[in-house]
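Understanding the architecture of this molecule
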Amino acid sequence: MLTREEDVEAGALKAQGWSISAIARHQGRDRKTIRSYLNGERVPGVRRTSTADPLERFAPYVRQRLADDPHLQLSTLLREVQDLGFTGSYQTLTRAVRSRGLRPHCEACAGAKGRATTEIEHPPGAETQLDWLELPEAPWGGTALLLVGALAHSGKFRGSFSEAKDTAHLIAAMDGVLRRLGGLTRRLRIDAIEGGVIPGTRRLVPAFADACRHYGIGVDLCPPRRGNRKGVVEKSNDYLAQAWWRTAEVPTPEQAQASLDRFCVRVADLRPRGDATVGTLAAAERLRAVPRTPYAAEVQVHRKVSWGALVSFEGNRYSVPPAFVDATVIVSVRLGEPTLQIRSVKGEVVASHRRRPAGAGALSRLDEHAAALERTVLAAFSTERPCRRKVNRPPSEAAKALAAELTRTPVQQRLPVVVDLARYEELMRRVP
């Protein structure tokens, strides 16, 4: 197909006396194509299509097969119709199936697609929707976990990063989301959220249920396989993943949390909603105050101790005794308490620190830990000569014996050289 610009160029070159072959070489086209456009047989910008439908004869068979099995793969169906004489390609078959609507609608697979939908009205202050969002390829490694909460009426959302999806981390992230939203609605809507619902049931995890009772908020579970019931938070997930996460420069989780909080205030809350904005509608919602103290969930994370006898947690560093250098310890934090504890893998408390604000970059080293680390470092000093690294040390006889066992070859015994001095003296006398 020639574009209109190429057709104009070909006509101009023809008027200047160029041959069809020269025009074809100049434009990188076939001579027959150039000739057909110059003769007016084809219209520029319009692709030539075949009038014959290759699936016409096979359409009844394809319709019946897909009625029998709506989930039949078209690659399998292609082999069947090819045995019946179909000469088209896989793309031709799929295009014909779509254009003719031959595959019947499956309600269980399509979800909200292919059926009537409507927007659910949510009164102000009625519902908050929660959902986990996984953000792949985090700059600090692995997949970032973000709990997103959205007010169903206004669409205002906030997020809280978490290291895991267990119940304690869910409660901690939920507390952060509710406080960032500015208050509590009457109900909380979730699906079978990990950490909040017992797998395979529609019953809440006891600790999560106690946390919801602490905040005084009811819980509604979406029907099975009806995630679109909480469409406000689902849309929020998609929005922040595309509008913020794809371009955010956030080397650490703490920086990511601060960046997300700024984005929500400066960008997300200014989205238009009718004659107002998301932030304006959210300000008009009457939300109940969040309890002063959070639910006392205990969050535990594993950390590896650095060579400086320090443990990193929430963007800060806390000291431990030098005996735990390069070991794995457990950082334990109870929500609402000002201290954190560091335990060994056996459960022994090895250090207790005042918890610093997340992302502050603070260093908390206890005096006894600093003194013990100094003693350990000084005791490791030595005045002995270093190892000699350039001496010749070939394999010993013991090593050669072991090598011979591995290769199953006999060891060659090297006998000592015996020199007869009397024989040596006789040979020296013969020398002239």
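For the structure itself, look to the data block above.
Quick look at the structure, then. (Residues numbered from 1 in each chain as written. Predicted model: local features only at pLDDT ≥ 70, side-chain atom pairs only at ≥ 80, totals over all residues. Heavy atoms only, no water.)

1. A closer look at the packing of helix H8 (residues 167-181) against helix H9 (residues 206-215)
Following both chains from N to C, one finds H8 and H9 inclined at 20°, their axes separated by 10 Å at the closest point. In this view, H8 runs roughly parallel relative to H9, as classed from their interaxial angle. Read as a crossing pair, H8 and H9 show a hand that is right-handed. Across the interface between the two elements, Thr-167, Leu-170, Ile-171, Met-174, Asp-175 and Leu-178 from H8 touch Ala-207, Phe-208, Ala-211 and Tyr-215 from H9. When the residues that make up the contact of H8 with H9 are grouped by side-chain class, the tally is eight nonpolar, one polar and one charged. (Axes fitted to C-alpha atoms, helices over the stretch in contact; angles between N-to-C directions. Helix = DSSP H or I, 4+ residues; strand = E, 2+ residues; numbered from the N terminus. Parallel < 35°, antiparallel > 145°, perpendicular 65-115°, else oblique. Left-handed = near helix turned anticlockwise from the far one by under 90°. Contact = heavy atoms within 4.5 Å. Nonpolar A, V, L, I, M, F, W, Y, C, P; charged D, E, K, R; others polar.)

2. Considerations on the sheet that holds strand E2 (residues 144-151)
Spatially, five strands are ordered E3-E2-E1-E4-E5 in an open sheet, and the strand pairing comes out mixed. Both outer strands of the open sheet, strand E3 (157-162) and strand E5 (218-221), are each paired with one neighbouring strand and no more. Direction aside, neighbouring strands of the sheet carry axes that sit 25° apart on average. The sheet contact formed by strand E4 (residues 187-190) and E5 spans four bridges and is parallel. The residue bridging Ile-190 from the neighbouring strand is Leu-221, located in E5. Contacting E2 and E3, helix H11 (residues 253-266) runs over the sheet at an angle of about 180° to E3. (Pairing = 2+ DSSP bridges.)

3. Thoughts on the sheet that holds strand E8 (residues 298-304)
Taken in spatial order, the four strands make up an open sheet running E8-E11-E12-E13, and their pairing is antiparallel. Sheet topology places E8 and strand E13 (349-354) at the edges, where each strand pairs with a single neighbour. On average, adjacent strands in this sheet sit at an angle of 25° to one another, irrespective of strand direction. Relative to strand E11 (residues 328-334), E8 is paired through seven bridges, and the arrangement is antiparallel. Paired with Glu-298 across the strands is Arg-334, a residue of E11.

4. What about the packing of helix H10 (residues 231-245) against H11?
Close contact between H10 and H11 brings their axes to 11 Å; oriented N to C, the two are set at 105°. Relative to H11, H10 is oriented roughly perpendicular. Here H10 contributes Tyr-239, Ala-243 and Trp-244 to the contact with H11, which in turn contributes Ala-256, Ser-259, Leu-260 and Phe-263. Residues of the contact of H10 with H11, tallied by class, amount to six nonpolar, one polar and no charged.

5. Quick word on H10
Look at H10: 20 Å from first C-alpha to last across 15 residues, which is about the 21 Å you get at 1.5 Å a residue. Among the residues making up H10, those that are buried are Val-233, Ser-236, Asn-237, Leu-240, Ala-241, Trp-244 and Trp-245. In this fold, the buried residues of H10 make contact with strand E1 (127-135), E2, E3 and H11. (Expected span 1.5 Å × (residues − 1). Buried < 20%, exposed > 50% of the residue type's maximum accessible area, 1.4 Å probe, protein only.)

6. Some words on unusual backbone geometry
Even without being a glycine, Ala-309 presents a positive backbone phi close to 60°. The residue Ala-309 is located in the loop between E8 and strand E9 (310-313) in this model. Under the relative-accessibility criterion, Ala-309 is labelled buried at 1%. Even without being a glycine, Glu-314 presents a positive backbone phi close to 55°. Of note, Glu-314 is situated in the loop between E9 and strand E10 (316-319).

7. Remarks on the nonpolar core
One finds Leu-147, Met-174, Ile-190, Phe-208, Val-320 and Ile-342 to be the most contacted residues of the largest nonpolar core, which totals 48 residues. Considering each element in turn, this core owes the most residues, eight residues, to H8. The contacts of Val-320, once residues within four sequence positions are left out, are Val-305, Ala-309, Val-311, Ile-342, Val-350, Ala-351 and His-369. (Core = buried A, V, L, I, M, F, W, Y, C linked by side-chain atoms within 4.5 Å.)

8. Details of the environment of Gln-300
Relative to the assigned elements, Gln-300 resides in strand E8. Overall, Gln-300 belongs to the partly exposed group, its relative accessible area being 42%. Distance in space between the C-alpha atoms of Gln-300 and His-169 is 8.5 Å, their sequence separation being 131 residues. Not counting residues within four places of it along the chain, the set of residues in contact with Gln-300 comprises His-169, Ile-330, Val-331, Ser-332 and Arg-343.

9. Regarding the side chain of Lys-165
Residue placement: Lys-165 occurs in the loop between E3 and H8. For Lys-165, a relative accessible area of 16% corresponds to the buried category. Within polar-contact distance, the side chain of Lys-165 engages the side chain of Glu-134 at 2.7 Å. With residues near it in sequence (within four places) discarded, Lys-165 still touches Trp-132, Glu-134, Leu-145, Glu-194 and Gly-195. (Polar contact = N/O pair within 3.5 Å; in protein donor to acceptor, adjacent residues only side chain to side chain.)

Keep in mind that these numbers describe shape and distance, not what the molecule does.
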